[in-house]
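These are the residues of each chain, in order.
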Amino acid sequence: MKINLKDIVIIAGNYGSGKTEVAVNLAIHCKKAGTDVRIADLDLVNPYFRTREAKAVLNSYGIDLVLPPEMYMYADLPILSPAIAGLIRNPSPLTILDAGGDDAGATVLGALAHVLKDQEVRLLQVVNPFRPFTDTAEGCIRIRQEIEGASRLKCKGLIGNANLIDDTSAADIRSGYEFLQNLSGQSGLPLEFITAPSGLLPELEESEFACPVLPIRRQLVPPWKRAAVI
Amino acid sequence: MAKILMKGNEAIGEAAIRAGCLNYFAYPITPQSEVAEYLSKRMPEAGGVFLQGESEVAVGYMIFGAAGCGQRVFTTSSSPGVSLMSEAISYIAGAQCPAVFVNIIRGGPGLGGILPSQGDYFQSVKGGGHGDYRLLVMAPASVQEAVEMMMMAFPLAEKYRNPVMILGDGLIGQMMEPVEFPDHLKSEPTNKDAWASNGMDTRGSDKQNLVKSLYLDPQQLNDHNLLLKSKYEQMKKEEIRFEPYNTDGDYRVLIVSFGTMSRVCRTAIDNLKEEGIEVGMIRPRTLFPFPESAIYDAAVKDSCTSVLSIEMNMGQMVEDVERCIRGQRPVRWYGKCGGEVPTPEEIMDLVKEYV
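Residues numbered from 1 in each chain as written. Chains lettered and ligands numbered in written order. Predicted model: local features only at pLDDT ≥ 70, side-chain atom pairs only at ≥ 80, totals over all residues. Heavy atoms only, no water.

1. Quick word on the overall build of chain B
So, step 1. Helix and strand counts for chain B come out as 13 helices and 14 strands.
So, step 2. The C-alpha radius of gyration computed for chain B amounts to 21 Å, which stays within 12% of the reference 20 Å derived for 355 residues, consistent with globular compactness.
So, step 3. Along the three orthogonal principal directions, the C-alpha set of chain B runs to about 70 × 50 × 40 Å.
So, step 4. When burial is assessed residue by residue, chain B has 59% of its 355 residues classed as buried.
So, step 5. Sequence-distant contacts, at least 24 apart, represent 81% of the contacts inside chain B between residues at least 6 apart.
So, step 6. Carbon together with sulfur atoms contributes 51% to the accessible area of chain B, which is approximately 13700 Å² in total. (Helix = DSSP H or I, 4+ residues; strand = E, 2+ residues; numbered from the N terminus. Rg over C-alpha atoms; globule rule 2.2 N^0.38 Å. Buried < 20%, exposed > 50% of the residue type's maximum accessible area, 1.4 Å probe, protein only. Contact = heavy atoms within 4.5 Å. Areas by Shrake-Rupley, 256 points an atom, 1.4 Å probe, with all protein chains shown as cover.)

2. Some points on the interface of chain B and chain A
So, step 1. Counting residues at the interface gives 31 residues for chain B, matched by 22 residues for chain A.
So, step 2. Summing both sides of the interface, chain B and chain A together bury roughly 2500 Å²; the carbon and sulfur share of this comes to 65%.
So, step 3. Counting across the chain B and chain A interface gives four salt bridges.
So, step 4. Here Lys41(B) makes a salt bridge to Asp102(A), at a shortest N to O gap of 3.4 Å.
So, step 5. At the surface where chain B touches chain A, the tally comes to seven residue pairs in polar contact (both at pLDDT 80 or more).
So, step 6. Those elements giving two or more residues to the side of chain B that touches chain A turn out to be strand 1 (4-7), helix 2 (33-46), helix 7 (170-174), strand 8 (176-179), helix 10 (261-274) and helix 13 (344-352) of chain B.
So, step 7. Looking at the side of chain B that touches chain A, its residues break down into 15 nonpolar, five polar and 11 charged. (Buried area = accessible area lost by both parts, 1.4 Å probe. Salt bridge = Lys/Arg side-chain N within 4 Å of Asp/Glu carboxyl O. Polar contact = N/O pair within 3.5 Å; in protein donor to acceptor, adjacent residues only side chain to side chain. Nonpolar A, V, L, I, M, F, W, Y, C, P; charged D, E, K, R; others polar.)

3. Things to note about the domain arrangement of chain B
Residue and element names in this part refer to chain B.
So, step 1. For chain B, the assigned domains are domain 1 (4-238) and domain 2 (242-352).
So, step 2. Each side of the interface is counted separately: domain 1 has 30 residues, and domain 2 has 25 residues.
So, step 3. With both chains or domains summed, domain 1 and domain 2 bury close to 2300 Å², and 58% of this area falls on carbon and sulfur atoms.
So, step 4. Remark: the boundary between domain 1 and domain 2 carries four salt bridges.
So, step 5. Residue Glu177 pairs with Arg263 through a salt bridge whose shortest N-O separation is 2.7 Å.
So, step 6. Counting across the interface, domain 1 meets domain 2 through 17 residue pairs in polar contact (both at pLDDT 80 or more). (Domains from an automatic or database assignment.)

4. Remarks on the environment of Ser81(A)
Residue and element names in this part refer to chain A.
So, step 1. Counting through the fold element by element, Ser81 comes out in the loop between strand 3 (64-66) and helix 3 (82-89).
So, step 2. In this structure Ser81 comes out as buried when scored by relative accessible area, which is 10%.
So, step 3. With 40 residues separating them in the primary sequence, Ser81 and Val121 have C-alpha atoms 19 Å apart.
So, step 4. In this structure Ser81 touches Leu67 and Pro68, once residues within four positions along its chain are discounted.

5. Quick look at the packing of helix 1 (residues 8-18) of chain B against helix 2 of chain B
All names here are of chain B.
So, step 1. At their nearest, the axes of helix 1 and helix 2 sit 8 Å apart, and the two run at 30 degrees to each other. Classified by the angle their axes make, helix 1 and helix 2 are roughly parallel. The interaxial crossing formed by helix 1 with helix 2 has right-handed handedness. Along its contact with helix 1, which presents Asn9, Glu10, Gly13, Glu14 and Ile17, the element helix 2 presents Glu34, Val35, Tyr38, Leu39, Arg42, Met43 and Ala46.
So, step 2. Considering only residue class, the contact of helix 1 with helix 2 consists of six nonpolar, two polar and four charged. (Axes fitted to C-alpha atoms, helices over the stretch in contact; angles between N-to-C directions. Parallel < 35°, antiparallel > 145°, perpendicular 65-115°, else oblique. Left-handed = near helix turned anticlockwise from the far one by under 90°.)

6. Let's talk about the side chain of Asp98(A)
Residues and elements named next belong to chain A.
So, step 1. Looking at the secondary structure, you find Asp98 in strand 4 (residues 94-99).
So, step 2. Put simply, Asp98 is tucked away with no salt bridge, and the nearest opposite charge, on Lys19, sits 6.1 Å away.
So, step 3. Residues within four places of Asp98 in sequence aside, it is in contact with Ile11, Lys19, Thr20, Ala23, Ala40, Asp41, Leu42, Asp43 and Thr51. (Lys, Arg positive; Asp, Glu negative; His and termini not counted.)

7. Structural notes on the sheet that holds strand 13 (residues 306-311) of chain B
All names here are of chain B.
So, step 1. Spatially, five strands are ordered 9-11-10-13-14 in an open sheet, and the strand pairing comes out mixed. With one partner strand each, in any of the chains shown, strand 9 (242-245) and strand 14 (331-335) form the two edges of the open sheet. Along the sheet, successive strands turn relative to each other by an average axial angle of 20 degrees, direction set aside.
So, step 2. With four bridges connecting them, strand 9 and strand 11 (residues 279-284) associate as antiparallel partners. Bridged to Glu243 within strand 11 is Arg283.
So, step 3. Relative to strand 13, helix 13 is tilted by about 160 degrees, and along the sheet it contacts strand 10 (253-256), strand 11, strand 13 and strand 14. (Pairing = 2+ DSSP bridges.)

Right under this line is the structure:
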């Protein structure tokens, strides 16, 4: 099943739900499928493991990554590049905005509300049920409401990102999918796609899932590991 | 309990609750603010207290106050914040109160930067505050180990009536790994009635407990310092923890490295093994007490010709490595600062210069 996303897609969710890993892999996946993609790093909250660390690999695929100016790259204060508003006003066939975690990270979207209101925007919530505070449907819905409040946008769908990084098993993907199906039912939001580490794909059948599966090749890794070839 | 995916900072907060610590006072600073973020949600659920102090100086004395009442208490901060707390840490050690401090180190000196560093080795191990005191310092290399050390830290602080420091670089706080939590520990210090100012009625005693670090009589202060010294000597006997890696066979080079830096070294050692080059490693898990004999024994092995101390700083632990090797082998430091982390490839190249 194919992932069909276009216009402006905002990747939001709680801290550590895997937004950036999903955004980077999604951008490359869609680019490989022939869609022109641009991606912007809106994470003003978290100082580590941000989209900007995947700059080289994104650029190697011809994907433009919009970042704060170089001189502010490690600033302790939030820097929102004016280029972001420009990107939203003139979107690519697919423009991915990688937001920061929780409502704090989504606050920056509220600051962009005046430019976002004229565009086709799809805000998606990334959920990893193996993370604290999103291990119940109620927890996921609470975080979604907080993000909606801070961003002044309505969430339009869910991304299932069940994983325990290197310890993820095929059973975890299946139980994560069930969790997301249930959450989708309770919240009325469609499940856009789920993710699975590319190494587990041989153990999973496409027919098991009623939504597309985005293979994840980890790009944001600690210094003792190498990013996966993507 | 099933595995859960957590950031180090979140796991540290959860581990404290599991250890029975329901008092957390802190002031936010990157890269450890997620502990406060997490505990602002979790402490009320667990029936505990999170209070943001007006500064790190205030927090240090809030910790002293709670510890002096016999309550389990901890704080987390990062380098400049720990400098501000250092006066209180000295008072707490002097007054023999148990407390747990977590330093998720950022680059220094001064405000430095927000990326990972191990630049606070001296501050933690050699005494950041004044006077003759020591902290029991543990350095985790993974999120799981941070959890385990947090849970050990409270009983150890109480055993010695002394502050315990968990020293992690920014990566320990920020990275995500799957973790499992052991069962809860008992929620109160068992020996507190002997010394805490928790109320004579509460403990059914007719003896006053006075929490203080002031001893104007020189003889009394000397005796007090001798008592403190005896505790630090006992730590050296009973609390040394380390992990050897690839030290069973014959190796030409011995690496000493702690925290997440040791994981980069581990990758380098594994890669070198594939090339037929054997390198051993001792990873101190406690930085004070320092695994002196383990490092000495590993260094003087016949096959070993040199020792490398690899650190995310400009050469701090290397002084302790040299001290325990006592000139028996050449010791060299290698490291980087400011968030630049030595790569496995750099370490492999370095080792090849010696074999």
